[in-house]
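Analysis of the macromolecular model
If you want the building blocks of each chain, they are given just below.
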Amino acid sequence: MLERKVRVRFAPSPTGALHIGGVRTALYNYLFARQHGGDLIFRIEDTDSNRFVPGAEEYILESFAWLGIKFDEGVGFGGDFGPYRQSERREIYKKHVDDLLQKGKAYIAFDTPEELEAKRVEIANFQYDASTRLGMRNSLTLSADEVKSLIDEGTKYVVRFKIEPNEDIHICDLIRGDVMINSSVLDDKVLYKSADELPTYHLANVVDDHLMQVSHVIRGEEWLPSAPLHVLLYRAFGWEETMPAFAHLPLLLKPEGNGKLSKRDGDRLGFPVFPLQWKDPKSGEISSGYRESGYLPEAVINFLALLGWNPGNDQELMSLDELVHLFDLSRCNKSGAKFDYKKAIWFNHQYIQQKDDNDIATLFLPVLKNHGVEAPFDRVLTVVNMMKQRVNFVPELWDACSFFFVAPTEYDEKTVKKRWKEDSPKCMAELADVLADIDDFSIEGQEKIVMNWIEEKGYHTGNIMNAFRLTLVGEGKGPHMFDISWFLGKEETLLRIKRAIEILK
Ligand code: GLU
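Read on for an overview of the structure.

Things to note about the site of the ligand
In the vicinity of the ligand, the residues found are Arg9, Ala11, Pro12, Ser13, Glu45, Tyr201, Asn205, Arg219 and Trp223. Here a nitrogen atom of the ligand and a side-chain polar atom of Ser13 are 3.0 Å apart. Here Tyr201 contributes a side-chain N or O atom positioned 2.9 Å from an oxygen atom of the ligand. Contact with the protein chains covers 85% of the free accessible surface of the ligand, which is 300 Å². Split by residue class, the shell around the ligand holds four nonpolar, two polar and three charged.

Some details on the nonpolar core
Core analysis: the largest hydrophobic core is formed by 153 residues, its most contacted members being Phe64, Phe339, Phe364, Phe404, Met428 and Phe468. Ignoring sequence-local partners within four residues, the contact set of Phe339 consists of Ile20, Leu252, Leu253, Lys254, Pro255, Leu261, Phe271, Tyr290, Phe303 and Leu307. Counting seven residues, the second largest nonpolar core, distinct from the first, contains Tyr107, Ala109, Phe126 and Met136.

Description of the pattern of salt bridges
This model, assessed by the stated rule, comprises 36 salt bridges. The partner of Arg291 in a salt bridge is Glu292, and the shortest N-O contact between them spans 3.1 Å. With relative accessibility at 30%, the residue Arg291 sits in the partly exposed group. Judged by its relative accessible area of 34%, Glu292 falls in the partly exposed class. Its salt-bridge partner being Glu316, residue Lys343 comes within 2.7 Å of it at the nearest N-O pair. With Lys343 in helix α11 (residues 341-354) and Glu316 in the loop between α9 (297-305) and α10 (320-326), this pair connects stretches of sequence that are 27 residues apart. When salt bridges with common partners are traced through the structure, they connect Arg9, Arg43, Glu45, Arg89, Asp208 and Asp209 into a single cluster.

A few points about the sheet that holds strand β2 (residues 39-42)
Spatially, β1-β2-β3 is the arrangement adopted by the three strands of the open sheet, whose pairing is parallel. If you trace the sheet from one side to the other, it starts and ends with β1 (7-10) and β3 (73-74), each paired once.

Quick look at unusual backbone geometry
Going from Gly82 to Pro83, the amide bond is cis rather than trans, its omega being -5 degrees. With a phi close to 55 degrees, Gln213 is a non-glycine residue in the positive phi region. Topologically, Gln213 is positioned in the loop between α6 (201-211) and β10 (216-220). Owing to a relative accessible area of 43%, Gln213 belongs among the partly exposed residues under this scheme. At Lys505, a residue that is not glycine, the phi angle is positive and equals roughly 60 degrees. When you line up the elements, Lys505 lands in the segment after α19 (481-504).

Digging into the packing of aromatic side chains
Tallying each qualifying case throughout the model produces 25 aromatic pairs. On the basis of an interplanar angle of 75 degrees and a centroid distance of 5.3 Å, the ring pair of Phe64 and Phe71 is categorised as edge-to-face. Here Phe64 and Phe71 have matching classes, each one buried. Following the ring pairs from residue to residue traces out a cluster consisting of Phe10, Phe42, Phe64, Phe71 and Phe77. Its guanidinium or amino end placed over the ring of Phe347, Lys343 lies 6.0 Å from that ring's centre, counting from NZ or CZ.

Points about α19
For α19, with 24 residues, the first-to-last C-alpha span of 20 Å runs short of the 34 Å given by 1.5 Å per residue. Where α19 bends most, the angle comes to about 115 degrees, and this point is Gly489. Phi for Lys505, located one or two positions after α19, is positive at around 60 degrees.

Here's the deal with the pairing of strand β4 (residues 106-109)
Across the two faces of β4 the burial is the same, with Ala106 and Ile108 and Tyr107 and Ala109 all buried. In this structure, β4 lies alongside strand β5 (residues 158-161), joined through four bridges in antiparallel fashion. Bridging from a neighbouring strand, Ile108 pairs with Val159 of β5.

Brief notes about the environment of Gly76
In this fold, Gly76 is placed in the loop between β3 and α3 (90-102). By relative accessible area, which is 71% here, Gly76 ends up exposed. The spacing of Gly76 and Leu140 is 64 residues in sequence and 43 Å in space, taken between C-alpha atoms.

Some words on a negative patch on the surface
Together, Asp433, Asp437, Asp439, Asp440 and Glu444 make up a region of like negative charge exposed at the surface. Position of Asp433 relative to the elements: it lies in helix α16 (residues 424-436).

Observations regarding the sheet that holds strand β9 (residues 198-199)
One open sheet holds the four strands; their spatial order is β4-β5-β8-β9, and the pairing between them is antiparallel. Single-partner strands in this sheet number two, and they are β4 and β9. In the sheet, strand β8 (residues 190-193) pairs with β9 via two bridges, with the strands oriented antiparallel. Looking at β9, one finds that Tyr192 is bridged to Pro199.

A few points about the side chain of Asn302
If you trace the backbone, Asn302 turns up in helix α9. Using a relative accessible area of 0% as the deciding quantity, one classes Asn302 as buried. Engagement of the side chain of Asn302 in a polar contact is seen with the side chain of Tyr351, the distance being 2.6 Å. The contacts of Asn302, once residues within four sequence positions are left out, are Glu316, Leu317, Met318, Phe347 and Tyr351.

A few points about the pairing of β8
Relative to β8, β5 runs antiparallel, the two being bridged by three bridges. Opposite Val159, over in β8, you have Tyr192 as the bridge partner.

Structural notes on the environment of Thr141
Tracing the sequence through the fold places Thr141 in the loop between α4 (113-122) and α5 (144-152). Given the relative accessible area of 33%, Thr141 is considered partly exposed. Each residue touching Thr141, except ones within four places of it in the same chain, is listed here: Arg133, Leu134 and Met136. Here the side chain of Thr141 touches Met136 through a polar contact of 2.6 Å, landing on its backbone oxygen.

Calculation rules
Residues numbered from 1 in each chain as written. Predicted model: local features only at pLDDT ≥ 70, side-chain atom pairs only at ≥ 80, totals over all residues. Heavy atoms only, no water. Near = heavy atom within 4 Å. Polar contact = N/O pair within 3.5 Å; in protein donor to acceptor, adjacent residues only side chain to side chain. Areas by Shrake-Rupley, 256 points an atom, 1.4 Å probe, with all protein chains shown as cover. Nonpolar A, V, L, I, M, F, W, Y, C, P; charged D, E, K, R; others polar. Core = buried A, V, L, I, M, F, W, Y, C linked by side-chain atoms within 4.5 Å. Buried < 20%, exposed > 50% of the residue type's maximum accessible area, 1.4 Å probe, protein only. Contact = heavy atoms within 4.5 Å. Salt bridge = Lys/Arg side-chain N within 4 Å of Asp/Glu carboxyl O. Helix = DSSP H or I, 4+ residues; strand = E, 2+ residues; numbered from the N terminus. Pairing = 2+ DSSP bridges. Phe/Tyr/Trp six-rings, centres within 6.5 Å; stacked < 30°, edge-to-face > 60°. Lys NZ or Arg CZ within 6 Å of the ring centre and 35° of its normal. Expected span 1.5 Å × (residues − 1). Bend = angle between axes of the 7 residues up to and from the residue. Patch = residues over 30% accessible without salt bridge, like charges linked within 9 Å, V, L, I, M, F, W, Y side chains within 5 Å. Lys, Arg positive; Asp, Glu negative; His and termini not counted. Charge placed at Lys NZ, Arg CZ, Asp CG, Glu CD.

Structure follows, in structure tokens:
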């Protein structure tokens, strides 16, 4: 067989926010496409009009733009195989449904919901298939004239796939190996509904994969049960030669490992399950997103890449470009991947340290602004440089270092009790005088003179420094003391010391 060009697709249904598992699926498709010099297609599967949610498509596109996952063609990207939105491909599907009908691979069924319900009551474990279809109202049991007149009268119908019983269907899955099921367990799936003149997921999915020349279908494990049906559809159309290879990715499991990861796990344990914040247009409910929670896209990508795959050694930090080289579908796990969100936090910490201070400062600016602080960029940069080792998230920088930008107005009670001694007001007043006389207010300049003064006076270094810290910070935290006073400058340092003496006495 000829080597085919690698063409893969990410094909979400716009039914709401994109779940983080969907992001992982898209990422694996992206890595696979890039490493094979192939194409990644973005297709919107919106044939189920009942589940359509406005804004979902835009949300998905924005998520990938943020994450840096780029598509080569599809909705919003153009390409030669469009349209890429399934609701715009009605005629194509209709033509293919007619083709199956003509070949006798599908049939028209008129059974009403009531009739189907009656059958379910009559026959235990009723399934519309080879064993029951001849007892139903369809084009296999009605005459051609009857069928025609029913359609002409406008009777609603569906088109069902005629599945031959008792045939072993093999799916060659690149992750799972040979997966076999017997066709008798399948029902005659609905492929098309006259009510909205739209195909169902199965038909549209297979027709599009074929027409868009998809070479590999890489998707979540939840689609594995659909795969045998898709294989049969490829055959029914006579497309076996170009049937894509399948790879069904492992499920994402709860952090504890028991059962599928759900949005409720995120709510319960406090982590997002969506890439971006999402506001449900119906309920108005807001769900948190990785972006708004302060995650860097690089960290999210790295974390997701390792949920179900590993490079075969213990390397953990990998950029998107490195992942393109290292990724290997055959190294994906079959068993589910525990969603260890604490690891996501760890990754974020690592990427904050790796990232250029300029970038972190740029991300920190809006956080400062939210707190009413507008500081010159180089000041922000200095603080970022001093403090970023201490945080996991950019917004956490505010708690770690707000005192650089805003003078304390209150003093932490516990710290005061512990650190503000009887002689502290006197010592701090003396310290203020010493500092006032220093010309070289650099970190080293201050340190030398202040340490000399402490020694001369025979003071306890710890006591002086702790009280000094309290006056500038308002509590017991922060970096090296003279880093703080240097950053604040002489004037502000003296002001803060005086104010603390006044308030604390
Ligand atoms: N529309 C399906 C989804 O929402 C696509 C599944 C597939 O990739 O075949 O995930």
